[in-house]
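A closer look at the structure
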Amino acid sequence: MLVFVGLSLASCITLLKPRRDFTAYTPASGPNYALDSCWAALPTRRDSADAVPYNSGLRDEQATAAADVFFVHPTTFYRSAAWNADLAVSKLNRFTDRSTIRHQATAFNAAGRIYAPRYRQATLYSFFDEQTPNGQAALDLAYFDVKAAFQYYLAHHNQGRPIIIAGHSQGTAHATRLLHDFFENDSKLRRQLVAAYLIGYKVKPDEYQTIRPCADSLATGCFVSYNAVATGNDFTPFQTFASTNPLTWSLDTLFAPATLNRGGVSQDFKRIDPQVTDAKVHRGLLWVTPPKLGGYPRFLLPGRPELRHSFHIADYGLFYMNIRQNAKARVRAWQSNIK
């Protein structure tokens, strides 16, 4: 989820609460995934998932990639006008593409062909609605679309290729459910799973019976997960969740120095910053030293001061090059394991 900069700092999260219950709204029309317009990214056309940071020397390698990436974008819809987004709003679609598809999904364009569905995402307030069933209902509707997109992808695009599942925040919430519904009890599909990058949300170490947290940088058929916060901070609700160190791709609590950071990519997408931060797993969180460089914002959400230490927005950006290289390495490892 990205910070909606138009909110006054004096505002409260409740200002984002839709004015009526979920059941009082008529949701916008659902997507038809046979239409290219219902995808934020497809490997068969030019889109934001093809981008690389300016002057980076990197290149989009989807045309020759051996794997597929099914990427579920995070929340980019913050309005109180409805519980779920309308896919016909081109301004929202452009914002999604220029922000999360460019800043996050592109980390995988050296490892796989990227498929990123548009979906009737739940509005930001859904994650903070603890008193009514409205928020969960909005998330369920959003997942209904994501599930339909994945079913369409499997039927029309995959053709038995290895799969990376990736997401962030709300996208990870839906990606986590996809693994339950499609991979947990399907050994054939599970053999196609390179790895799942379940970043920026709550995933338990024992979330699945058959899919475990990745033990190292080349493990396949597994998942990685982390939530970045400034070093020295705890957040009790996350203490029981899985956390992977993206500098070592291990589950231990050893400190990984910034020298292992191959490069972050800032919000302006104009540079690669080597050694931008370090990392250490601590009680379900990933501790990072706040970067001295700009472009890696904290999660300053009005009305939620407990999140001020979170680098949620920069979960991908801080470790962009490590994710990019690791995804490619895991695909090679998957190919070696299959032979």
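All figures in this text were calculated on a predicted structure; none of them were measured in a lab. (Residues numbered from 1 in each chain as written. Predicted model: local features only at pLDDT ≥ 70, side-chain atom pairs only at ≥ 80, totals over all residues. Heavy atoms only, no water.)

Tallying secondary structure elements over the chain gives 5 helices and 11 strands in all. Taking 339 residues into account, the globule formula puts the C-alpha radius of gyration at 20 Å, and the chain, at 19 Å, falls close to it. If one aligns the C-alpha atoms of the chain with their principal axes, the spans along those axes are about 55 × 45 × 40 Å. Counting all 339 residues of the chain, 57% fall into the buried class. If you take every contact in the chain between residues at least 6 apart in sequence, the share linking residues at least 24 apart comes to 77%. (Helix = DSSP H or I, 4+ residues; strand = E, 2+ residues; numbered from the N terminus. Rg over C-alpha atoms; globule rule 2.2 N^0.38 Å. Buried < 20%, exposed > 50% of the residue type's maximum accessible area, 1.4 Å probe, protein only. Contact = heavy atoms within 4.5 Å.)

Counted according to the given criterion, the structure contains 12 salt bridges. A salt bridge links Asp145 to Arg120, with the shortest nitrogen-to-oxygen separation between them at 2.8 Å. Of the two residues, Asp145 sits in helix H2 (residues 134-158) while Arg120 sits in the loop between strand S3 (112-117) and H2, which places them 25 residues apart along the sequence. Among the residues examined, Asp145 registers a relative accessible area of 2% and is labelled buried. Residues joined in a network through salt bridges with shared partners are Asp68, Arg113 and Arg161. (Salt bridge = Lys/Arg side-chain N within 4 Å of Asp/Glu carboxyl O.)

Each strand in a sheet pairs with another by means of backbone hydrogen bonds, the pair being arranged parallel or else antiparallel. An order of S7-S11-S10 is seen for the 3 strands of this open sheet, with the pairing classed as mixed. Of all strands in the sheet, those with a lone pairing partner are strand S7 (228-230) and strand S10 (280-282), marking the two edges. Between one strand axis and the next, the sheet turns through 45° on average, direction left out of account. Here 3 bridges tie S7 to strand S11 (residues 285-288), and the two strands are oriented parallel to one another. By the bridge assignment, Ala230 is partnered in S11 with Val288. (Pairing = 2+ DSSP bridges. Axes fitted to C-alpha atoms, helices over the stretch in contact; angles between N-to-C directions.)

Of all hydrophobic cores here, the largest spans 48 residues; its most connected members are Phe71, Phe108, Ile164, Tyr197, Leu318, Phe319 and Ile323. Among the elements that make up this core, the one with the highest residue count is helix H5 (residues 320-338) (6 residues). For Ile164, the contacting residues outside a window of four places in its chain are Asp68, Val69, Phe70, Phe108, Ala111, Val194, Ala195, Tyr197, Ala327 and Val331. In terms of nonpolar packing, the next biggest core, distinct from the first, is built from 30 residues, Val72, Phe150, Leu198 and Ala242 among them. (Core = buried A, V, L, I, M, F, W, Y, C linked by side-chain atoms within 4.5 Å.)

Turning our attention to the sheet that holds strand S4 (residues 163-168). On the basis of which strands lie adjacent, the open sheet formed by 6 strands has the order S1-S3-S2-S4-S5-S6 and mixed pairing. Across the chains shown, the open sheet's two edge strands, defined by having one partner strand only, are strand S1 (39-41) and strand S6 (222-224). Averaged over all neighbouring strand pairs, the angle between strand axes comes to 20°, with direction disregarded. Most of the contacts of H5 go to strand S5 (residues 193-199), to which it runs at about 155°, and overall it touches strand S2 (67-72), S4, S5 and S6.

Counting buried positions along S5 yields 7 of 7 residues, so the element is predominantly enclosed. Pairing analysis gives 6 bridges linking S4 to S5, with the strands arranged parallel. Each bridged residue has a counterpart across the sheet, and for Ile163 the counterpart in S5 is Leu193. Pairing geometry for S5 and S6, over 3 bridges, is parallel. Paired with Ala196 across the bridge in S6 is Phe223.

Taken as a whole and assessed by the stated rule, the structure comprises 1 disulfide. There is a disulfide in this structure between Cys214 and Cys222, and the S-S distance comes to 2.1 Å. Between Cys214 and Cys222, the S-S torsion sits near 95°, and that sign places the bridge as right-handed. Neither residue differs from the other here; Cys214 and Cys222 are each classed as buried. (Disulfide = S-S within 2.5 Å.)

Unoccupied space between atoms shows up once a probe the size of one water molecule is rolled over them. In the structure shown here, the tally under the stated rule is 2 cavities of 30 Å³ or more. Each pocket or cavity is described by its volume, and for the largest cavity that value is around 90 Å³. Taken together, 12 residues make up the lining of the largest cavity; nearest its centre are His103, Gln104, Gln267, Ile313 and Gly317. Its residues assigned to classes, the lining of the largest cavity comprises 6 nonpolar, 6 polar and no charged. Taken as a whole, the second largest cavity encloses approximately 50 Å³ of empty space. The wall of the second largest cavity is formed by His73, Ala85, Asp86, Leu87, Leu92, Asn93, Thr96, Arg118, Tyr119 and Gln121. Its residues assigned to classes, the lining of the second largest cavity comprises 4 nonpolar, 4 polar and 2 charged. (1 Å grid on protein atoms, 1.4 Å probe; cavity = no way out; pocket = protein on both sides within 12 Å on 5 of 7 lines; lining within 4 Å. Points joined across faces, edges and corners; volume = space filled by probe spheres on them. Nonpolar A, V, L, I, M, F, W, Y, C, P; charged D, E, K, R; others polar.)

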